[in-house]
Amino acid sequence: MDVKLRPWPEFGRRTPTVMACINGRAPAVGPSCRPRGGDAVAAALEAAIADRGLKLRFKVAYCLSACTRGPNVMIDLCRSRFLEVQPEDVPELLDIVERHLAER
Ligand code: FES
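Report follows, based on the coordinates. Being a predicted model, the structure only gives us computed values, none of them experimental.

### Thoughts on the packing of helix α1 (residues 38-52) against helix α2 (residues 90-103)
For the pair α1 and α2, the least separation of the axes is 10 Å and the interaxial angle reads 50 degrees. Considered as vectors, α1 and α2 are oriented oblique to each other. Crossing angle aside, the handedness with which α1 passes α2 is right-handed. The segment α1 lies against α2, with Val41, Ala44, Leu45, Ala48, Ile49 and Arg52 engaging Val90, Pro91, Leu93, Leu94, Asp95 and Glu98. Grouping the constituent residues of the contact of α1 with α2 by class yields nine nonpolar, no polar and three charged.

### Observations regarding the nonpolar core
Residues Leu45, Val73, Phe82, Leu93 and Leu94 are the most contacted members of the largest nonpolar core, which totals 21 residues. At the level of elements, β2 (17-21), α1, β4 (73-75) and α2 are the ones that each hand at least two residues to this core. Excluding anything up to four places from it in sequence, leucine 93 contacts Met1, Leu45, Val73, Phe82 and Val85. Counting residues in hydrophobic clusters, the runner-up holds six residues, among them Met19, Cys21, Cys33 and Ala61.

### Quick word on the sheet that holds β4
Read from one edge of the open sheet, five strands run β1-β5-β4-β2-β3, paired in mixed fashion. Only two strands of the sheet have a single neighbouring strand rather than two, namely β1 (2-4) and β3 (57-61). This sheet shows a mean twist of 20 degrees between the axes of neighbouring strands, independent of strand direction. Two strands pair when backbone bridges link them, and β2 and β3 are joined in this way by five bridges, in the parallel orientation. Looking across to β3, one finds that cysteine 21 is bridged to alanine 61. Of the strands in this sheet, β1, β4 and β5 (81-83) are in contact with α2, which crosses β5 at around 165 degrees.

Reading the values: rules and limits
Residues numbered from 1 in each chain as written. Predicted model: local features only at pLDDT ≥ 70, side-chain atom pairs only at ≥ 80, totals over all residues. Heavy atoms only, no water. Axes fitted to C-alpha atoms, helices over the stretch in contact; angles between N-to-C directions. Helix = DSSP H or I, 4+ residues; strand = E, 2+ residues; numbered from the N terminus. Parallel < 35°, antiparallel > 145°, perpendicular 65-115°, else oblique. Left-handed = near helix turned anticlockwise from the far one by under 90°. Contact = heavy atoms within 4.5 Å. Nonpolar A, V, L, I, M, F, W, Y, C, P; charged D, E, K, R; others polar. Core = buried A, V, L, I, M, F, W, Y, C linked by side-chain atoms within 4.5 Å. Buried < 20%, exposed > 50% of the residue type's maximum accessible area, 1.4 Å probe, protein only. Pairing = 2+ DSSP bridges.

Put into structure tokens, the structure is as follows:
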């Protein structure tokens, strides 16, 4: 997993959303997240957010504009990115997100 963190702005009352790309394209058309495991990452992320009881929304996305580095996850309000994520990276990913939430 490669992490590209950006400063987290004041969110006010808004709840950050974690977006996981599950877009799938035919290989002849171009790279995409689903053939690299995007569905498994999305499922692991959604379950882990619920298990931890985090104040985060989760939604799937259909392209986060980093198709060659998928599966990709992005935090909407700060646009921090997690690239080439695998399901086993989800605990570390959420540890990072939790640390940032605690620092706000
Ligand atoms: S297909 Fe996932 S980032 Fe574009």
